[in-house]
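# Chains, contacts and geometry: an overview
Now for the letters of each chain:
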Amino acid sequence: MEERIGVFVSILAFLMVMGVLSGIGQRGLVFLAADLDFLFPAPIARRHLLVYHFMPHYLAAAFMGLLYLLVLGGRFMPHPLLFLLGVTLCQMTNAHLSALAAELSMALADRLYRRLRHVTTALVVLLTLAGMLVVIGGISGTGNVTSLLREGLESPVAQVIFFPAVQAVKLGAHPHEPARWAAFGSLALCALGSFSLVLALRVDFVEASFGATKKAWKKVDDMRRGVSKTNVKRSSAGPRGTFFQGAGAVLWLNALTMRRQLRTILGGLLVVMVMLAVFSGQRGDSGLAATLLFVLVMVPLWMPLPVGFRLPREQLLELRQLPLAPGRLAAALLAVPVLVPFLLQALATLILIVIGDLDVALALAVLPAFAAVGATMVAIESFFVLRRPHPNSINLLHSVAQLLLQLVALAPALISAAGLKLMDVPLPLIVLVAALVQAAVSYALLRVLGRRLQTGDVAVA
Amino acid sequence: MNEGPSSPALAVEGLAKRFGDFTAVDNVSFDCPRGEILGIVGPNGAGKTTTLRCIAGILKPTSGRVLVGGHDVIFDALPAKRQLAFIPDTPHPFDMLTVTEHLRFTALAYEMKADEARFDALLDEFELTAKRDELASTLSRGMRQKLAIAAAFLHDPSVILFDEPLTGLDPKAIRMMRGSIQRRADAGATILISSHLLDLVERMCDRVLVLHEGHRLALGTMASIRESAAGAHDASLEEAFFAITEDALTEDHDAA
C-alpha cells in the first residue's frame with residue numbers, strides 16, 4: 001500500500017510540474033479556436049471568461065480522478081471516493097496554477113521570459129527522461145530510479161512544494177477521520193485560493209491568449225497532419241537522373257518531407273529502443289518472440305508519418321491531376337512510409353542479432369517479411385485514408401475495421417507458413433515463403449489502391 | 001482519338017456527375033476553341049467546381065466524356081492531363097516543400113527538364129522571388145494562390161481551369177493575375193474561369209456558361225447572353241445573370 005501511495009503522489013506531483021511548465025510555455029490561456037471569433041469580441045467580464053476557461057479543466061479533473069480510481073488502482077485505497085474527490089481538487093488546483101504561471105509569464109519582459117523558457121525546456125527534458133527511466137525500471141524490475149524519486153518526494157521540501165498532491169493522497173488513504181477532514185479542508189482552500197490568485201492578478205490575458213490559442217490549435221492541427229516544426233534555409237537542388245521523373249517525383253517529395261520530419265523518425269526510433277530495452281529485460285524465447293512481434297506489427301502501424309496517402313483531401317486531389325499512371329503513383333506514395341519503418345525494423349533486428357542471439361539466417365529471412373507485411377499494413381491503412389482523408393476525429397469503428405482487415409490480409413502468409421511447418425521445413429525457408437506470399441498480397445492491394453486513388457470520389461466530404 | 005486541325009481544345013459531351021442520389025452536374029455539353037476564355041457562372045451549388053474537377057480528371061464522370069486535345073481524360077488520361085492545369089479555389093501546397101521545390105516537383109512529375117531560368121521567370125512574374133526558399137506552410141493565402149498558379153503554368157498547359165482565381169489576392173495581384181491569364185489566352189491556351197465575380201467574367205471572358213443546379217442554362221458570348229436574358233445589349237452581365245437564374249428558380253418552383 002505504501003508503495004502505491006508513493007506512486008500516486010509521484011504522478012500527481014509530475015502533473016503539477018508539467019502543468020506549471022506548460023502554463024509558462026503557453027504564455028497565455030488556451031481557449032477553443034472558435035472562442036477567438038465569437039467569445040473574445042463579446043461583452044463578457046474577465047472573471048466570467050476565466051470561469052469559462054476553467055470549466056473544461058474541472059471536467060478533465062473529475063475525469064482524471066475517475067481514471068485514478070478505476071484504471072490506476074485507486075479503488076484499492078482505503079477510501080476510494082474520498083480519493084476521487086482529492087484527485088479532482090488537486091487537478092483543479094493544478095489548472096489554476098498553470099493559468100497563474102501563464103499570467104505571470106505574460107507580465108515578464110521578453111528577454112527575461114526567453115531565459116525562463118530555456119530553463120523550463122531543460123526541466124521538461126529532464127522530467128521526460130526521468131519518467132522514461134521510471135517506466136523502464138518499473139517494467140524490468142530494476143526500480144532504482146523509482147525508489148530514488150520516491151525518497152525525494154518524501155523530503156519536507158517536496159511535501160511543501162507538492163502539498164496538494166500529498167493532501168489528495170492523504171484524503172484517500174489516511175486511517176484517521178480528522179486527518180482526512182483536514183486534508184479535504186486544505187485541498188478546498190488550495191483550489192479556492194489558487195483561483196482567487198488568478199482572479200486577483202490584474203493581467204490583461206485576452207491579447208496574449210489570442211496568440212496562445214492560435215499557436216496551440218495550430219500545433220494540434222500540425223500534429224494531426226504529422227507535420228513537425230522545421231527550418232529550411234535553402235531549397236533542395238532536386239534529384240538527378242530519370243528515376244525521379246514522373247511518379248518518381250512523388251518519391252522525392254516524400255523523401256524530402258521525411259528528411260524534414262526527423263523529430264517524428266527519432267520519436268519512432270526512441271519507442272523501438274525503449275521497447276527493445278523493456279523486452280530485452282526478459283530472458284528466454286518469449287521475450288524475443290514478443291520483441292519480434294512488436295517490431296513486425298506495431299511499428300508500421302504506429303508511425304504517424306505525414307507521407308504516402310496520409311495527406312489532406314485536397315492534396316490527394318491535386319496528385320490526381322498529375323499525368324501519372326495510377327499503379328506507379330500508388331507505389332511511389334507507399335514507398336517511403338513502408339521503407340522508413342522497415343529501416344527501423346532492420347535496425348531492431350540488427351540489435352537483436354548482437355544482444356539477443358538471434359539466428360543470422362532467420363534474421364535474413366525475416367527482413368523481407370518485414371517489408372512485405374509493412375507494405376500490406378500501409379496499403380490497407382491507405383484504403384481507409386482514402387475513405388476519410390484526414391478526419392478531424394478518430395473513428396473507433398474505422399480503426400477496428402482497419403485492424404481486422406490488416407490481420408485478415410496476413411492470413412494467406414500465416415496459413416502458408418503453418419502448412420510448411422507441418423511439413424517440417426526449416427524455419428528460415430518458412431519465413432521466406434511467407435514473405436513471398438505476403439509480397440503477392442501487397443502487390444494485389446497496390447493495384448487496387450492505384451485504381452481507387454484515381455477513380456474514387458475523394459472530393460465529397 | 002487524336003487532335004485534328006479543326007477539333008476543339010476542350011470538348012465536354014453530355015457530362016453528368018452524381019454522388020449517390022445527388023446530381024451535381026446533369027448532361028452539360030460545350031466545347032472551347034484554342035485561345036478562348038470561357039467564364040462559368042452560377043449560384044452556390046450550381047455544379048461549377050464539380051464540372052471543373054471532372055474536366056481535370058479529378059472526378060470520374062458518371063456519364064458523358066471530356067476530351068482535352070482529343071484525348072479522353074479518363075480513358076486516355078496521361079496525354080490529356082499533360083495538357084491540363086487546374087487551379088483550385090483554395091490551394092493546399094505541400095507543407096514541407098519550399099516555393100522553388102514546388103516548381104521542381106511539378107517539373108519532375110510532368111517529366112520536364114529542371115529549367116532554373118523558367119523557374120526564375122515564373123517566380124518573378126508572380127512576385128515570389130523573395131519567398132523562393134520559404135516553406136509553403138509559412139505562406140499567406142494569397143501567396144499560396146500565386147504559387148499554385150505558377151506551378152500550374154510551368155508545363156505550358158493548353159487548357160487551364162481556374163476555380164475562383166482571384167480569391168485571397170490583393171488589388172495589385174488581381175491586376176497582375178488578369179494580365180497573366182490574358183497573356184496565356186493570347187498565346188493560344190484555352191482558359192476556363194469559374195467565378196462569382198461577374199465583373200471579372202464580364203471583363204475577361206469571350207463566352208459565358210451559366211449553370212444552375214447542375215444544368216446548363218445558357219451558353220454564349222456576352223452580347224448574346226445579355227440579349228437573350230435581359231433583352232438589351234447594354235444590360236450588365238449581373239442583370240442578365242439574375243434574369244436567367246431567377247427564371248430557372250421560377251420554373252423549378254412551378255414544377256414543384
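Everything below is about the structure shown above.
Scope of this entry: the structure provided in the associated data block.

Criteria and cut-off values
- Residues numbered from 1 in each chain as written.
- Chains lettered and ligands numbered in written order.
- Predicted model: local features only at pLDDT ≥ 70, side-chain atom pairs only at ≥ 80, totals over all residues.
- Heavy atoms only, no water.
- Pairing = 2+ DSSP bridges.
- Helix = DSSP H or I, 4+ residues; strand = E, 2+ residues; numbered from the N terminus.
- Axes fitted to C-alpha atoms, helices over the stretch in contact; angles between N-to-C directions.
- Contact = heavy atoms within 4.5 Å.
- Buried area = accessible area lost by both parts, 1.4 Å probe.
- Salt bridge = Lys/Arg side-chain N within 4 Å of Asp/Glu carboxyl O.
- Nonpolar A, V, L, I, M, F, W, Y, C, P; charged D, E, K, R; others polar.
- Phe/Tyr/Trp six-rings, centres within 6.5 Å; stacked < 30°, edge-to-face > 60°.
- Buried < 20%, exposed > 50% of the residue type's maximum accessible area, 1.4 Å probe, protein only.
- Lys NZ or Arg CZ within 6 Å of the ring centre and 35° of its normal.
- Patch = residues over 30% accessible without salt bridge, like charges linked within 9 Å, V, L, I, M, F, W, Y side chains within 5 Å.
- Areas by Shrake-Rupley, 256 points an atom, 1.4 Å probe, with all protein chains shown as cover.
- Lys, Arg positive; Asp, Glu negative; His and termini not counted.
- Charge placed at Lys NZ, Arg CZ, Asp CG, Glu CD.

Our next topic: the sheet that holds strand S3 (residues 37-41) of chain B. Working definition: the strands of a sheet are paired by backbone hydrogen bonds and lie parallel or antiparallel to each other. Residue and element names in this part refer to chain B. Pairing in this open sheet of six strands is mixed, and the strands run S6-S7-S8-S3-S9-S10 from one edge to the other. Because the sheet does not close on itself, it has two edges, and the strands there are strand S6 (84-87) and strand S10 (215-221). Along the sheet, successive strands turn relative to each other by an average axial angle of 15°, direction set aside. The sheet contacts of helix H1 (residues 48-55) involve S3, S6, strand S7 (159-163), strand S8 (190-194) and strand S9 (207-212), and relative to S7 the element is tilted by about 150°.

On to the interface of chain A and chain B, then. Residue-level contacts link 40 residues of chain A with 34 residues of chain B. Around 3,300 Å² of area is buried between chain A and chain B when both sides are counted, 61% of it from carbon and sulfur atoms. By the criterion of area lost to chain B, the three top residues of chain A are Ser 235, Gln 321 and Pro 323 of chain A, representing 20% of everything that side buries. Joining chain A to chain B, the criterion identifies one salt bridge. Ionic pairing is found between Glu 101 of chain B and Arg 260 of chain A, a salt bridge with its closest N-O pair at 2.7 Å. At the level of elements, helix H11 (248-259), helix H14 (313-320) and helix H19 (427-455) of chain A are the ones that each hand at least two residues to the side of chain A that touches chain B. By residue class, the composition of the side of chain A that touches chain B is 19 nonpolar, 13 polar and eight charged.

In this section: the packing of aromatic side chains. Residues and elements named next belong to chain A. Under the definition given, this model contains twelve aromatic pairs over all chains. Here the aromatic rings of Phe 31 and Phe 40 are separated by 5.1 Å at their centres, their planes lie at 85°, and the arrangement is edge-to-face. The exposure class of Phe 31 is buried, given its relative accessible area of 4%. Take Phe 40: its relative accessible area is 13%, and that puts it in the buried class. Between Arg 27 and the ring centre of Tyr 113, over which it is positioned, the NZ or CZ distance is 4.0 Å.

A word on a positive patch on the surface. All names here are of chain A. Where like charges cluster on the molecular surface, the positive patch consists of Arg 117, Lys 215, Lys 219 and Arg 263. Topologically, Arg 117 is positioned in helix H5 (residues 110-140). On the accessibility criterion, Arg 117 (32% relative accessible area) is partly exposed.

All names here are of chain B. Where burial is concerned, most of S9 is hidden: six out of the six residues are buried. In terms of strand pairing, S3 meets S9 through four bridges, oriented parallel. What sits directly across from Gly 39, in S9, is Val 208. Here S9 folds back onto S10 in antiparallel fashion, the turn holding two residues, of which Glu 213 has a positive phi close to 50°.

Now for a nonpolar patch on the surface. A contiguous nonpolar patch, built from Phe 63, Leu 66, Leu 67, Leu 70 and Val 71 of chain A and spanning about 480 Å² of accessible area, is present on the exposed surface. Along the chain, Leu 67 of chain A turns up in helix H3 (residues 46-70).

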